[in-house]
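Spelled out, the chains give:
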Protein chains: 2
Amino acid sequence: MTDPEKKTLRVALLGCGTVGREVVRLIESQSDDLTARVGAELQIAGIAVRRGGRDRGVDPALLTTDAHGLAVRDDIDLVVEVVGGIEPARSWLVDALKAGKSVVSANKALLAEDGATLQEAAAAGGADLYYEAAVAGAIPILRPLRESLHGDRITRITGIVNGTTNYILSSMDSTGAGFNEALDEATELGYAEADPTADVEGFDAAAKAAILASLAFHTRVTAADVHREGITEVTAADVASARAMGCTVKLLCIAERHTDADGGESVSVRVHPAMLPRTHPLASVGDAFNAVFVEADAAGQLMFYGRGAGGAPTASAVLGDLVAVARNRLAGARATPESPYADLRIRPMAEARTRYHISLDVSDKAGVLAEVAAAFARQDVSISTVRQEGRGDDATLVAVTHTATDAALAATVEALRELPIVRNVVSVMRVEGGESK
Amino acid sequence: MTDPEKKTLRVALLGCGTVGREVVRLIESQSDDLTARVGAELQIAGIAVRRGGRDRGVDPALLTTDAHGLAVRDDIDLVVEVVGGIEPARSWLVDALKAGKSVVSANKALLAEDGATLQEAAAAGGADLYYEAAVAGAIPILRPLRESLHGDRITRITGIVNGTTNYILSSMDSTGAGFNEALDEATELGYAEADPTADVEGFDAAAKAAILASLAFHTRVTAADVHREGITEVTAADVASARAMGCTVKLLCIAERHTDADGGESVSVRVHPAMLPRTHPLASVGDAFNAVFVEADAAGQLMFYGRGAGGAPTASAVLGDLVAVARNRLAGARATPESPYADLRIRPMAEARTRYHISLDVSDKAGVLAEVAAAFARQDVSISTVRQEGRGDDATLVAVTHTATDAALAATVEALRELPIVRNVVSVMRVEGGESK
């Protein structure tokens with residue numbers, strides 16, 4: 001590119017870890033292509049790092065420890081943030097957006113906790129805010145939700161959006177291992193971090209669920225609105241039980257639109273392990289892959305599948321957004337921001353409708369089934385299937401319900417625990433992907 | 001919407017068949033939502049039909065038989081074309097675009113044959129041209145290719161983009177039926193049209209392949225550049241042979257980037273039936289579903305899955321585009337059009353690299369395998385596996401090659417036909433989704 005008239009857009013990169021370095025590599029190795037696609041050269045004008053001095057394989061002259069100063073510097077057009085966490089990233093991005101710099105962020109925690117503040121700053125500064133990399137890595141899912149499907153009515157999103165837990169559950173399913181054993185293996189192989197809390201307790205998936213639900217339902221949903229259960233309580237027995245009924249256990253994020261009794265609409269957003277029929281398209285998503293299954297009135301069923309994490313896949317999503325905001329900048333345009341105009345009520349988990357798989361250790365005597373069935377009936381919960389395994393001291397009763405509110409199902413489980421003929425409630429897990437609600 | 005200040009964007013709909021009526025229904029039933037998402041009301045100002053007088057369930061006052069007049073009418077802002085075919089659709093759209101009206105089209109044949117003319121007209125008129133519905137129905141695939149992945153380097157696209165042929169091949173695979181029997185069933189069930197030529201001969205898939213390749217490789221690829229073979233020659237024996245080697249037969253569209261001997265790059269684009277390992281994500285795409293598998297340097301493997309045809313799914317894609325062009329219109333902006341800047345050479349099929357599955361009816365005598373192997377070796381084609389089935393008069397030799405140019409593979413098959421010990425070349429089919437090239 002030797003045209004002396006060429007335009008240049010100057011990029012500030014905040015963060016230079018695995019993803020940041022890959023962003024630098026992609027911008028440098030594809031320089032001519034990116035210039036042709038954008039209509040201007042993308043030039044990295046500065047890279048903010050927490051501590052100087054380390055060799056990161058990038059031009060040391062670009063490094064600075066003053067992220068805020070870099071983000072608002074006059075010569076900067078676009079800011080890429082791959083630092084993560086709420087603060088100080090929020091302050092940097094708010095000030096950059098207010099100063100009119102368009103922002104590309106991979107920060108799911110920040111977007112899920114306080115996306116509204118960023119959106120307001122973007123509006124105030126007339127800048128773009130894109131964050132495809134925050135959900136499901138390289139999989140283009142946010143742009144399809146906020147653009148391709150915005151002439152349709154999305155009714156439900158079911159996603160596998162955390163690679164670590166999907167690796168652990170896939171491994172438990174194929175080897176019969178328990179949770180701790182599978183976690184140890186995932187840690188050894190680099191699929192789980194030294195502190196796996198954010199993944200295995202579902203915090204990471206809940207942040208992504210909030211972002212997906214906000215876009216799908218045009219409603220402000222934050223991480224605090226998401227019912228969250230992790231996978232640490234999933235046992236080898238649960239997985240075996242799922243297998244026996246043709247299911248596999250997955251950590252799902254589910255965002256659903258409901259019609260209320262008064263004719264209005266509401267949404268429920270939740271993350272929890274669930275049994276999923278092996279015939280469901282999400283059931284075969286193995287290892288650390290991610291997939292998002294979308295149901296819409298006109299489009300029907302759609303699925304988006306790919307790598308949900310890793311330096312290169314995440315950087316691919318960042319670069320896609322970077323080209324988009326760069327083109328907008330050159331055109332003097334701004335993407336229409338998503339609007340929470342629908343402002344639907346967020347249903348508490350108790351009102352969410354789901355199905356339960358319940359496994360009970362029971363006394364083997366006449367009338368057990370009748371007593372158990374009566375406990376379900378008292379909560380108005382209808383049983384789909386029930387089967388008894390073993391006899392005598394080893395008798396186990398496995399029941400799967402029809403769809404009911406989570407509150408009614410939870411109350412049923414409480415009532416079962418109180419029954420003298422129930423020695424132990426062995427396992428309780430939700431069942432998804434079956435009957436409609 | 002009672003705000004007297006509200007803006008209105010007036011839409012001309014060209015065509016009122018299954019998709020057109022569904023577009024009308026979606027615009028009318030989602031009026032408030034669309035107004036909130038666009039920032040203005042979308043109003044259907046006219047509907048062009050070929051013949052008047054029929055009840056189409058739309059306001060008869062909107063109907064006209066003068067499509068061209070409607071498309072260029074002063075009060076029209078946006079034009080939706082769901083007529084199909086090259087002419088007269090091309091003339092209508094060219095004049096509408098030149099007159100500054102943004103166009104949403106579902107016309108794959110026109111886009112694949114002469115997209116360049118439409119792009120030029122759009123540039124001349126400062127208008128947008130969107131056509132997500134032209135490929136894979138409701139599946140958002142064009143927007144991800146032209147936006148989400150434009151910071152990445154796409155190396156290959158493998159798609160199942162024709163529902164009719166996928167239904168027929170899935171049925172042959174599950175029932176063992178021959179092609180004609182499966183076609184009859186598909187026709188009865190409404191999956192195949194009375195004249196199925198465009199589907200079963202691969203014309204429909206070839207048009208979509210050209211559109212996908214153009215966007216993925218930033219190169220102008222037309223339908224004429226696509227090597228095309230249909231599925232009419234696929235036999236029950238081919239399907240059984242695929243099954244025996246853990247494969248299923250699919251009509252694939254494949255667009256690949258190659259590195260040439262001189263270090264430059266080229267692309268090959270082809271549509272043909274192929275054996276695909278059952279472990280490949282595309283292998284489980286059954287019935288009339290579509291899916292597009294994308295491989296990119298940084299993103300890795302991605303898959304997009306959903307309904308490829310039908311009124312509502314296609315209308316969902318049209319509406320998504322309509323909201324996008326409407327927003328651009330309100331913002332006074334125009335989407336950056338795709339650019340064929342890379343202008344890569346189109347490789348002829350003879351240079352494409354693939355693998356062959358070859359089934360031969362041979363004399364059962366000593367030295368047969370040696371003679372056959374020598375025929376492969378003379379063309380420099382390496383054999384991956386070979387197995388002999390049966391003995392005596394029923395002996396069949398099945399060979400699967402490693403990757404080689406299509407020309408070398410075709411020459412090998414010709415040479416095999418000449419061998420006295422080969423009584424018949426029973427089946428020749430390409431094998432995809434395995435080793436890299």
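Rules and cut-offs
Residues numbered from 1 in each chain as written. Chains lettered and ligands numbered in written order. Predicted model: local features only at pLDDT ≥ 70, side-chain atom pairs only at ≥ 80, totals over all residues. Heavy atoms only, no water. Helix = DSSP H or I, 4+ residues; strand = E, 2+ residues; numbered from the N terminus. Rg over C-alpha atoms; globule rule 2.2 N^0.38 Å. Buried < 20%, exposed > 50% of the residue type's maximum accessible area, 1.4 Å probe, protein only. Contact = heavy atoms within 4.5 Å. Patch = residues over 30% accessible without salt bridge, like charges linked within 9 Å, V, L, I, M, F, W, Y side chains within 5 Å. Areas by Shrake-Rupley, 256 points an atom, 1.4 Å probe, with all protein chains shown as cover. Salt bridge = Lys/Arg side-chain N within 4 Å of Asp/Glu carboxyl O. Lys, Arg positive; Asp, Glu negative; His and termini not counted. Charge placed at Lys NZ, Arg CZ, Asp CG, Glu CD. Least-squares fit on C-alpha atoms with pLDDT ≥ 70 in both. Phe/Tyr/Trp six-rings, centres within 6.5 Å; stacked < 30°, edge-to-face > 60°. Lys NZ or Arg CZ within 6 Å of the ring centre and 35° of its normal. UniProt positions renumbered as here; feature names shortened; annotations may be inferred. Pairing = 2+ DSSP bridges. Axes fitted to C-alpha atoms, helices over the stretch in contact; angles between N-to-C directions. Domains from an automatic or database assignment. Buried area = accessible area lost by both parts, 1.4 Å probe. Core = buried A, V, L, I, M, F, W, Y, C linked by side-chain atoms within 4.5 Å. Arc of directions from axis to C-beta. Expected span 1.5 Å × (residues − 1).

> Quick rundown of the overall build of chain A? Include the residues and the values.
Scanning chain A for helices and strands turns up 14 helices and 18 strands. In terms of overall dimensions, chain A is globule-like: its C-alpha atoms have a radius of gyration of 24 Å, near the 22 Å expected for 437 residues. When its C-alpha atoms are laid out on the principal axes, chain A stretches across 90 × 50 × 35 Å. Across the 437 residues of chain A, 57% fall into the buried class. A separation threshold of at least 6 residues defines the contact pool for chain A, and within that pool the share at least 24 residues apart is 74%.

> Hey, could you go over a positive patch on the surface for me, with residue numbers and the actual values?
Positive charge collects at one region of the surface, where R21, R50, R51 and R54 of chain A lie side by side. Mapped onto the secondary structure, R50 of chain A falls in the loop between β2 (41–48) and β3 (63–64).

> For the relation of the copies chain B and chain A, give the residues involved together with the corresponding values.
Relating one copy of the chain to the other takes a rotation about an axis and a shift parallel to that axis. For these two chains of identical sequence, chain B goes onto chain A by a turn of 180° and a shift of 0.0 Å along the axis, with RMSD 0.0 Å. Such a combination of rotation and displacement between the chain copies is what one expects of a two-fold axis. The C-alpha atom lying nearest the rotation axis in chain B is that of F304 of chain B; the distance is 2.4 Å.

> Can you break down the packing of aromatic side chains residue by residue, with the values?
Counting across every chain of the model gives five aromatic pairs over all chains. Between Y167 of chain B and Y191 of chain B the ring centres are 4.2 Å apart and the planes differ by 20°, which places this aromatic pair in the stacked class. Remark: Y191 of chain B occurs in the loop between α8 (179–188) and α9 (197–200) and Y167 of chain B occurs in helix α7 (residues 163–175); sequence separation between them is 24 residues. Classification of Y191 of chain B as partly exposed rests on a relative accessible area of 37%. Taking the centre distance of 5.0 Å and the plane angle of 5° together, the rings of F289 of chain B and Y305 of chain B count as stacked. With F289 of chain B in strand β11 (residues 289–296) and Y305 of chain B in strand β12 (residues 300–307), the pair connects residues that are 16 residues apart, well separated along the chain. Residues F289 of chain B and Y305 of chain B agree in their burial class; the two are buried. Lying over the aromatic face of Y130 of chain A, R146 of chain A brings its terminal NZ or CZ to 4.6 Å of the ring centre.

> Help me get a handle on the pattern of salt bridges, residues and values and all.
Side chains bearing opposite charge may pair, as long as their charged atoms lie close to each other. Residues and elements named next belong to chain A. Within this structure, the stated rule accounts for 54 salt bridges over all chains. Its salt-bridge partner being D75, residue R10 comes within 2.6 Å of it at the nearest N-O pair. Residue R10 is found in strand β1 (residues 8–14), and its partner D75 is found in the loop between α3 (67–71) and β4 (78–81); the two are separated by 65 residues along the sequence. Counted as one network, the salt bridges with shared partners bring together R156, E256, R270, E295 and E432.

> Run through the interface of chain B and chain A, naming residues and quoting values.
Interfaces are often sized by the accessible area lost when the parts come together. If you look at the interface, chain B gives 41 residues, while chain A gives 41 residues. Counting across the interface, chain B meets chain A through two salt bridges. One salt bridge connects E147 of chain A with R143 of chain B, and the closest N-O pair in it is separated by 3.1 Å. Elements that contribute at least two residues to the side of chain B that touches chain A include exactly α2 (31–38), α6 (142–148), β12 and α12 (311–331) of chain B.

> Please provide a residue-by-residue account of the UniProt feature "active site" (unreviewed entry) in chain A, values included.
Residues and elements named next belong to chain A. Sites flagged by UniProt as "active site" (unreviewed entry) map to K208. Note on placement: K208 falls in helix α10 (residues 203–217). Residue K208 is classed as buried on the basis of its relative accessible area, which comes to 5%. If near-sequence neighbours (up to four positions away) are discounted, K208 is found in contact with K108, A134, V135, A136 and V161.

> Go over the sheet that holds strand β1 (residues 8–14) of chain B with me, naming the residues and quoting the values.
Residues and elements named next belong to chain B. One open sheet holds the six strands; their spatial order is β3-β2-β1-β4-β5-β6, and the pairing between them is parallel. Whereas interior strands pair on both sides, the edge strands pair on one side only; in this sheet they are β3 (63–64) and β6 (129–130). Pairing geometry for β1 and strand β2 (residues 41–48), over seven bridges, is parallel. Note that in β2 the partner of V11 across the bridge is I44. Against the sheet, α12 touches β1, β2, β4 (78–81), β5 (102–105) and β6, its axis set at about 170° to β5.

> I'd like a rundown of the UniProt feature "binding site: NADPH" (unreviewed entry) in chain A, residues and numbers included.
Sequence positions flagged by UniProt for "binding site: NADPH" (unreviewed entry) are, in local numbering, K108 of chain A. Note that K108 of chain A resides in helix α5 (residues 108–125).

> Give a description of the domain arrangement of chain A that names residues and reports values.
Residue and element names in this part refer to chain A. For chain A, the assigned domains are domain 1 (8–137 + 312–331), domain 2 (142–307) and domain 3 (352–431). A C-alpha centroid distance of 25 Å is found between domain 2 and domain 3. With 16 residues of domain 2 at the contact, the number on the domain 3 side is ten residues. Buried area between domain 2 and domain 3, both sides added, is near 1100 Å², and the carbon and sulfur share of it is 61%. Run the count over domain 2 and domain 3 and you get one salt bridge.

> Describe in detail the nonpolar core, supporting the description with residues and values.
Within the largest apolar cluster, 166 residues are counted, with the highest numbers of intra-cluster contacts made by I141 and V294 of chain A together with I141 and V294 of chain B. Ranked by size, the runner-up nonpolar core spans 35 residues in total, among them L26, I27, L34 and L42 of chain B.

> I'd like to hear about the sheet that holds β4 of chain A, residue by residue, with values.
Residue and element names in this part refer to chain A. Across the sheet, which stays open at both edges, the six strands sit in the order β3-β2-β1-β4-β5-β6 with parallel pairing between neighbours. The open sheet terminates on both sides in strands that have one partner only, identified here as β3 and β6 (129–130). Sheet analysis places β4 next to strand β5 (residues 102–105), joined by four bridges and oriented parallel. Paired with V79 across the bridge in β5 is V103.

> Report on unusual backbone geometry, specifying residues and quantitative values.
With the exception of glycine, the majority of residues adopt a negative phi angle, and the majority of peptide bonds are in the trans configuration. With an omega of 5°, the peptide bond running from E87 of chain A to P88 of chain A counts as cis. A positive phi angle, close to 60°, is found at A136 of chain B, a residue other than glycine. The residue A136 of chain B is located in the loop between β6 and α6 in this model. The backbone phi angle of D287 of chain B is positive, close to 50°, even though this residue is not glycine. On the secondary structure map, D287 of chain B appears in the loop between β10 (265–277) and β11.

> Please give an account of helix α2 (residues 31–38) of chain A that cites residues and values.
Residue and element names in this part refer to chain A. Along α2, the residues that are buried comprise L34, T35, R37 and V38. For α2, the arc enclosing every buried residue in end-on projection is 170°, short of the 170-degree limit, so these residues lie on one face. Packing partners of the buried residues in α2 comprise β1, α1 (18–29), β2 and α12 (311–331).

> Break down the environment of G39 of chain A for me, with residues and values.
Residue and element names in this part refer to chain A. Assignment of secondary structure puts G39 in the loop between α2 and β2. G39 gets classed as partly exposed once you look at its relative accessible area, which sits at 43%. In this structure the C-alpha to C-alpha distance between G39 and A331, which are 292 residues apart in sequence, comes to 9.9 Å. Each residue touching G39, except ones within four places of it in the same chain, is listed here: L34 and L330.

> Give me the lowdown on α1 of chain A, citing residues and values where you can.
With twelve residues, α1 of chain A should reach 16 Å at 1.5 Å per residue; the first-to-last C-alpha distance of 16 Å fits that figure. On its buried face, α1 of chain A sits against β1, α2, β2 and α12 of chain A.

> Explain a negative patch on the surface to me, and be specific about the residues and the numbers.
A surface patch of like charges, here negative, comprises E181, D184, E185 and E188 of chain A. Checked against the element boundaries, E181 of chain A lands in helix α8 (residues 179–188).

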